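Reading the structure
Below, each chain spelled out in residue letters.
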Amino acid sequence: MDILHSKIYGEDQPRLPLLVFHGLFGMLDNWGSFGKEMGEFFPVHLIDLRNHGKSFHSPEMSHDDLAHDILHYMEFHKLEKINLLGHSLGGKAVMQFAIKYPIKVEKLIVVDISPKAYPPHHQGIIKALETVDFEKETTRQDVEEVLHQYIPEKSVVQFLAKNLYWTDDKKLSWRFNLKTLSEKYTEFVSNAIKYGVYSGETLFISGEKSNYILPQDEFQIKQQFPNSSVVTIKNAGHWVQAENPTDFNEVVKDFLSEHRV
């Protein structure tokens, strides 16, 4: 059985561990600063989703698959109960897990995503990534130039370029499994998470400049997560933890503190 790749901070801390999952085309390294800071309070497992980072590649990529991966990860690391945090696609994964295995989750944090189905909106990024020819593009700068032809935002290009690495035969490649992410895109983006209810304490965190969680989404959120609240982080878009880490970390710490009423 394949186990997700992870990096653990604060392993010796006595409190419940927090498992953290990144978004589409991301990797655990995106959460390094957060992991270091939070690791001073409780164990933090930064985890690469399947088909991302250094985790295994698979032709399957449904929300159920992602939930099973979390279960296998917990079994492998002998974790009985956890707190969970997921951003974007990782948020879909942790919502599905909490609904499926509620007894294993103490508290749930969902960052800038709701349980609903989203219309496809990464076609430009996927097209850009598929256009890169690693036989021709032999430096990081070459790759970034190709991406810039399709993606105007420099920050998005830099985010994607973090996934570049040198293979054993000295060629650049993507860490993520672009083939599966492209083929299964509608399964994990254009599908809502399966209906079910997680009644544990849940925090949805949205970015003030993001439109991923809209006021009208709160009805569906409350149906599936009745014990939830939504907090908006100022001066932040979709990558909330990177754009306003001070406020984001404070909100997470407050929510996970044992004395919270």
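Here we summarise the structure given alongside this text. Each residue is numbered by its place in its chain's sequence as written, counting from 1. In keeping with the predicted nature of the model, local features appear solely for residues at pLDDT of at least 70, side-chain atom pairs appear and are counted solely at 80 or more, and the whole-chain, interface and lining totals rest on all residues. To get the side-chain values, take all heavy atoms of the structure and skip hydrogens and water.

Section: the side chain of Asp 217
To be explicit about the condition: The secondary structure listing takes helices from DSSP runs of H or I that are at least 4 residues long and strands from runs of E that are at least 2 residues long, numbered from the N terminus. Residue exposure (1.4 Å probe, protein chains only): buried if accessible area is under 20% of the type maximum, exposed if over 50%, otherwise partly exposed. We call two residues contacting when some pair of their heavy atoms lies within 4.5 Å.
If you trace the backbone, Asp 217 turns up in the loop between strand E8 (201-207) and helix H9 (218-224). A relative accessible area of 7% places Asp 217 in the buried class. Non-local contacts of Asp 217, meaning those with residues more than four positions away in its chain, are made with Ser 114, Lys 116 and Tyr 212.

Section: helix H4 (residues 123-131)
Side chains of residues three or four places apart in an α-helix project in the same direction, reflecting 3.6 residues per turn. Rules: Note that the arc is computed from the directions linking the helix axis to the C-beta atoms.
Every buried residue of H4 is accounted for by Ile 125, Ile 126, Ala 128 and Leu 129. Down the axis of H4, the sector holding all buried residues measures 160°, keeping them to one side. In this structure, the buried side of H4 is in contact with helix H5 (140-150), helix H6 (154-161), strand E7 (172-174), helix H7 (178-183) and helix H8 (185-188).

Comments concerning the pairing of strand E4 (residues 82-87)
Cut-off, in case you're wondering: Note on handedness: a crossover is taken as right-handed if, strands pointing away from the viewer, the path from the first strand over the helix to the second is clockwise.
In terms of burial, E4 is largely enclosed, as six of its six residues are buried. The side-chain alternation of E4 yields two buried faces, one formed by Ile 82, Leu 84 and Gly 86 and the other by Asn 83, Leu 85 and His 87. Crossover E4 to strand E5 (residues 105-111) through helix H3 (residues 89-100) is right-handed.

Digging into unusual backbone geometry
The general pattern is negative phi for most residues beyond glycine and trans for most peptide bonds. Phi at Lys 170 is positive, roughly 65°, even though this residue is not glycine. Checked against the element boundaries, Lys 170 lands in the loop between strand E6 (164-166) and E7. Phi is positive for Asn 235, close to 50°, though the residue is something other than glycine. Relative to the helices and strands, Asn 235 resides in the loop between strand E9 (228-233) and helix H10 (240-243).

Observations regarding the packing of H5 against H6
Put simply, the test is: What counts as an axis is a line fitted to C-alpha atoms, over the stretch in contact for a helix, and the angles between N-to-C directions run from 0 to 180 degrees. Throughout this description, any angle smaller than 35 degrees is read as roughly parallel, any larger than 145 degrees as roughly antiparallel, any in the 65 to 115 degree range as roughly perpendicular, and the remainder as oblique. Left-handed describes a crossing in which the near helix is turned anticlockwise from the far one by less than a right angle; the clockwise case is right-handed. Gly counts as polar in this scheme, as do all residues outside two lists: the nonpolar Ala, Val, Leu, Ile, Met, Phe, Trp, Tyr, Cys and Pro, and the charged Asp, Glu, Lys and Arg.
In the contact formed by H5 and H6, the axes pass within 10 Å of each other and the chain directions differ by 135°. Judged on the interaxial angle alone, H6 and H5 are oblique. Here H5 and H6 pass one another in a crossing that is right-handed. Listed contacts from H6 to Arg 140, Glu 144, Leu 147 and His 148 of H5 are Lys 154, Val 157, Leu 160 and Ala 161. Looking at the contact of H5 with H6 residue by residue, the classes come out as four nonpolar, one polar and three charged.

Here we look at the pattern of salt bridges
Worth spelling out the cut-off: For this document, the term salt bridge refers to a Lys or Arg side-chain nitrogen within 4 Å of an Asp or Glu carboxyl oxygen.
Considering all chains together, one arrives at 10 salt bridges under this definition. The residue Arg 50 makes a salt bridge to Asp 69 at a minimum N-O spacing of 2.7 Å. Residue Arg 50 is located in the loop between strand E3 (44-47) and helix H2 (63-76), and its partner Asp 69 is located in helix H2; the two are separated by 19 residues in the primary sequence. Residue Arg 50 shares its accessibility class with Asp 69, and that shared class is buried. The salt bridge involving Lys 116 is made with Asp 217; its shortest N-O contact spans 3.1 Å. Here Lys 116 is found in the loop between E5 and H4, whereas its partner Asp 217 is found in the loop between E8 and H9, with 101 residues between them in sequence. As far as the burial class goes, Lys 116 and Asp 217 line up, both buried.

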